[in-house]
Each structure stands twice: as structure tokens, then as C-alpha cells.
Amino acid sequence: MNSEEPEVLAVRPAVAADVPAIRAVTDAAYRHYIARIGVVPQPMEADHAANVAAGLVHVTGDPDIVGLVVVEARPDHLFLDSIAVHPDAHGRGVGRRLLGFVDEHARALGLPEVRLYTNALMWENQEIYPRFGYEIVERRTDGPYDRIHYRKRLRPDPV
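In this text the structure is predicted, and so the values were computed from the model without any measurement. (Residues numbered from 1 in each chain as written. Predicted model: local features only at pLDDT ≥ 70, side-chain atom pairs only at ≥ 80, totals over all residues. Heavy atoms only, no water.)

1. A few points about the sheet that holds strand E6 (residues 135-142)
Pairing within the open sheet is mixed, and its seven strands lie in the order E1-E2-E3-E4-E5-E7-E6. Both outer strands of the open sheet, strand E1 (11-13) and E6, are each paired with one neighbouring strand and no more. Averaged over neighbouring strand pairs, the angle between their axes works out to 30° when direction is ignored. Sheet analysis places strand E3 (residues 67-73) next to strand E4 (residues 78-85), joined by seven bridges and oriented antiparallel. Bridged to Val 70 within E4 is Ser 82. Strands strand E2 (57-60), E3 and E4 of the sheet are contacted by helix H2 (residues 19-30), whose axis makes an angle of about 80° with E4. (Pairing = 2+ DSSP bridges. Helix = DSSP H or I, 4+ residues; strand = E, 2+ residues; numbered from the N terminus. Axes fitted to C-alpha atoms, helices over the stretch in contact; angles between N-to-C directions. Contact = heavy atoms within 4.5 Å.)

2. What about the nonpolar core?
Counting residues in each nonpolar core, the largest one holds 24 residues, and the members touching the most others are Val 69, Leu 80, Val 102, Val 114 and Tyr 134. Counting residues per element, this core draws most heavily on helix H5 (residues 94-108), at six residues. Non-local contacts of Val 102, meaning those with residues more than four positions away in its chain, are made with Val 69, Val 71, Leu 78, Leu 80, Val 114 and Tyr 134. If you look at the next biggest cluster of nonpolar residues, it comprises 18 residues, including Ala 29, Tyr 30, Ile 37 and Met 122. (Core = buried A, V, L, I, M, F, W, Y, C linked by side-chain atoms within 4.5 Å. Buried < 20%, exposed > 50% of the residue type's maximum accessible area, 1.4 Å probe, protein only.)

3. Focus on empty space enclosed by the protein
Over the atoms a probe the size of a water molecule is rolled, and this reveals where empty space is left. Overall, the coordinates contain one cavity of 30 Å³ or more when judged by the stated rule. Roughly 40 Å³ of internal volume is contained in the largest cavity. Lining the largest cavity, in full, are Thr 26, Pro 43, Ala 46, His 48, Asn 51, Leu 68, Val 70, Asp 81 and Ser 82. Within the residue set of the lining of the largest cavity, elements represented by two or more residues are helix H4 (48-53), E3 and E4. In terms of residue class, the lining of the largest cavity is made up of four nonpolar, four polar and one charged. (1 Å grid on protein atoms, 1.4 Å probe; cavity = no way out; pocket = protein on both sides within 12 Å on 5 of 7 lines; lining within 4 Å. Points joined across faces, edges and corners; volume = space filled by probe spheres on them. Nonpolar A, V, L, I, M, F, W, Y, C, P; charged D, E, K, R; others polar.)

4. As for H5
In an α-helix, one turn spans 3.6 residues; hence positions three or four apart end up facing the same way. Given a rise of 1.5 Å per residue, 15 residues ought to cover 21 Å, and the 21 Å separating the end C-alpha atoms of H5 matches this to within 8%. Listed in full, the buried residues belonging to H5 are Val 94, Leu 98, Leu 99, Phe 101, Val 102, Asp 103 and Ala 106. Just beyond H5, the residue with positive phi is Gly 110, at close to 75°. (Expected span 1.5 Å × (residues − 1).)

5. Regarding the side chain of Asn 51
Structurally, Asn 51 can be placed in helix H4. Sequence-distant contacts of Asn 51, that is, excluding residues within four places in its chain, are made with Ala 46, Leu 56, Val 57 and Val 70.

Below, the structure is given as C-alpha cells:
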């Protein structure tokens with residue numbers, strides 16, 4: 001498959017039947033960080049079924065899920081809680097499409113920005129997020145996690 005096939009890049013709300021695949025993709029995407037950061041990354045410990053039931057999870061891939069985002073609307077921003085792309089799907093535009101979906105979703109909800117954080121030891125993310133318009137807001141420790149917080153201010157879609 002190439003990265004331009006719409007089946008791969010379509011993003012849809014997750015359903016209960018997707019939970020095992022969501023867990024598998026999340027684990028595959030984050031497992032290698034355990035040794036580096038010294039703790040299990042928070043997305044691996046998430047209650048995936050509850051997040052799906054709450055409408056927070058959106059997935060991509062057909063027939064197999066290869067990527068997902070967990071987003072939560074807050075009063076003044078869309079919080080990107082987690083983004084996961086299966087390592088087998090790297091380089092196919094899945095992450096780019098998911099980040100684009102997050103922007104689209106925030107705009108559709110009338111929210112002016114997206115916020116997220118990443119572990120300071122996940123240095124790959126510190127290279128990726130600025131390329132997509134995210135700026136560092138702060139660095140702080142939350143429990144066992146040393147996090148860098150980002151935001152992306154969205155421009156309204158042209159009318």
C-alpha cells in the first residue's frame with residue numbers, strides 16, 4: 001500500500017471492537033520507550049475501552065488499524081493525549097494524517113489550539129512536533145514523568 005490510499009488515511013471514531021487493536025498498536029508504538037524512560041509510558045496504561053466509550057479515540061487503517069489518536073476537548077483547547085503509529089506503518093504518512101485530523105477536529109469544535117506533552121527522553125518527538133507547528137510552552141515533572149508541554153495555535157480555515 002502507498003501512503004495516498006484513502007483507506008489507510010481515513011480517520012474514524014473507534015468502536016468497542018477496536019479496543020484489542022488499539023491496545024496492540026499503542027503497545028507496539030510505546031514499548032521501546034520503557035527502557036529509555038525507566039517507566040511504562042502512560043498511554044500503555046490507559047483504559048482503552050473507557051476512552052473508546054467516551055468517544056476520545058480515533059483510528060486509521062483498513063482493514064487493520066495502524067494508527068490512532070486520543071483527544072479530549074477542553075474549554076479552550078483540544079488536548080492530544082496520545083498518538084500512536086504501529087512501527088510497521090512508519091514512513092507511510094500515518095502520523096502526518098493523524099496530526100492533520102487533530103487540527104481538523106479542533107477547528108470543527110471551534111477550539112483555537114491543540115496542546116500535548118511528551119516525555120523529555122522521547123527526543124524523536126521533540127524533532128517531529130515543531131515541524132508540525134507546535135511550540136514548547138514549558139517543561140515540568142508530573143510524578144515519574146519529565147514532560148515537555150507543547151501547543152499549536154490554529155488559524156481559522158479560510159472561508
